[in-house]
Amino acid sequence: KQWYQRRVRASVAQRIVQSGGAALIIDYGEDQVSTELTFRAFKDHQQVNPLEDLGLCDLTADVNFKNLKRAVAGIEGAKAHGPITQSNFLTLMGIGERFRQLYSKVPPEKQDSIIHAHNFLCSPEEMGDRFKVMCITRDSDPIPFCFESS
């Protein structure tokens, strides 16, 4: 399994080196090796036992961003940027301005849902710190805007 994972990581980075472009990876994960099992299941936005309700749950495991970054570093001409938190990424991409635009244009009865969505995406207690963002580019490309300080 690890051989396959390394090959997939290398394949993405090699394609970027050969053809240009970038890969943006957004997912649960850490920039360190975890000793905890990260395999989990979600149903109706709640974490559940992955062995119950088979086929009716979303299964997930954290991305090991440290290994991903190491694999990209092994590809000549490729560079990994980050990871940074989803909250930081979205803030730098202008979610605050987009939130203000949406909030000012929706009827009052929908404003709470806009606040909830923003908080869910950006709050450290929700997805803001749990999700990380990494970008893979050619090493000769400029550093992507959101990753300049990472």
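Check the entry above for the structure.
What this report covers is the structure whose coordinates are included nearby. Every value quoted in this text rests on a predicted model; they were computed, and no experiment measured them.

Quick notes on the rules
Residues numbered from 1 in each chain as written. Predicted model: local features only at pLDDT ≥ 70, side-chain atom pairs only at ≥ 80, totals over all residues. Heavy atoms only, no water. Helix = DSSP H or I, 4+ residues; strand = E, 2+ residues; numbered from the N terminus. Buried < 20%, exposed > 50% of the residue type's maximum accessible area, 1.4 Å probe, protein only. Areas by Shrake-Rupley, 256 points an atom, 1.4 Å probe, with all protein chains shown as cover. Pairing = 2+ DSSP bridges. Core = buried A, V, L, I, M, F, W, Y, C linked by side-chain atoms within 4.5 Å. Phe/Tyr/Trp six-rings, centres within 6.5 Å; stacked < 30°, edge-to-face > 60°. Lys NZ or Arg CZ within 6 Å of the ring centre and 35° of its normal. Contact = heavy atoms within 4.5 Å.

1. So, the overall build of the chain
Per the secondary structure count, the chain includes 6 helices and 7 strands. What you see in the chain, going N to C, is helices and strands ordered as α-β-β-β-β-β-α-β-α-α-α-α-β. The buried share of the chain, taken over its 150 residues, is 29%. Taken as a whole, the chain presents about 10300 Å² of accessible surface, with 52% of it coming from carbon and sulfur.

2. Examining the pairing of strand β7 (residues 131–138)
In terms of burial, β7 is largely enclosed, as 7 of its 8 residues are buried. Examined bridge by bridge, strand β1 (residues 23–30) and β7 share 6 bridges and lie antiparallel to one another. Counted as the bridge partner of Ile25 is Met134 from β7. Two elements, strand β6 (residues 78–85) and β7, share 6 bridges in a ladder whose sense is antiparallel. Looking across to β7, one finds that His81 is bridged to Cys135.

3. A short note on the nonpolar core
Within soluble globular proteins, side chains that are nonpolar generally end up buried alongside one another. Listed in full, the 11 residues of the largest apolar core are Ala13, Ile16, Ala23, Phe65, Leu68, Val72, Ile75, Ala78, Ala80, Met134 and Ile136. Counting residues per element, this core draws most heavily on helix α2 (residues 65–73), which supplies 3 residues. Counting residues in hydrophobic clusters, the runner-up holds 9 residues, among them Ile95, Cys122, Val133 and Phe147.

4. Things to note about the packing of aromatic side chains
Any two aromatic rings considered together are summarised by their centre-to-centre distance and by the angle between their planes. Inspection of every chain in the model, using the stated rule, returns 4 aromatic pairs. An angle of 10 degrees between the planes, with centres 6.1 Å apart, marks the rings of Tyr28 and Phe42 as stacked. Separated by 14 residues along the polypeptide, Tyr28 in strand β1 and Phe42 in strand β2 (residues 40–43) bring together distant segments of the chain. Between Phe89 and Phe147 the ring centres are 6.3 Å apart and the planes differ by 40 degrees, which places this aromatic pair in the tilted class. One end of the pair, Phe89, is in helix α3 (residues 86–92); the other, Phe147, is in the segment after β7, with 58 residues separating them in the sequence. Neither Phe89 nor Phe147 differs from the other in exposure class; each is buried. Clustering of aromatic rings is evident, with ring pairs tying together Tyr28, Phe42 and Phe131. One cation-aromatic arrangement involves Arg40 over Tyr28; the distance from NZ or CZ to the ring centre is 4.6 Å.

5. Description of unusual backbone geometry
The step from Gly82 to Pro83 runs through a cis peptide bond, and the omega angle for that step is 10 degrees. A positive phi angle is found at Asp44, which is not glycine, with a value near 55 degrees. Look at Asp44 and you get exposed, because its relative accessible area is 65%. At His45, a position not held by glycine, the phi torsion is positive, near 65 degrees.

6. Here's the deal with the pairing of β2
Across 3 bridges, the pairing between β2 and strand β4 (residues 58–60) is antiparallel. The residue of β4 that forms the bridge with Phe42 is Asp58. With 3 bridges connecting them, β2 and strand β3 (residues 46–48) associate as antiparallel partners. Within the sheet, the bridge partner assigned to Lys43 lies in β3 and is Gln46.

7. Things to note about the side chain of Thr60
Turning to its location among the elements, Thr60 is positioned in strand β4. If sequence neighbours within four positions are ignored, Thr60 has contacts with Tyr28, Thr38, Phe39, Arg40 and Phe42.

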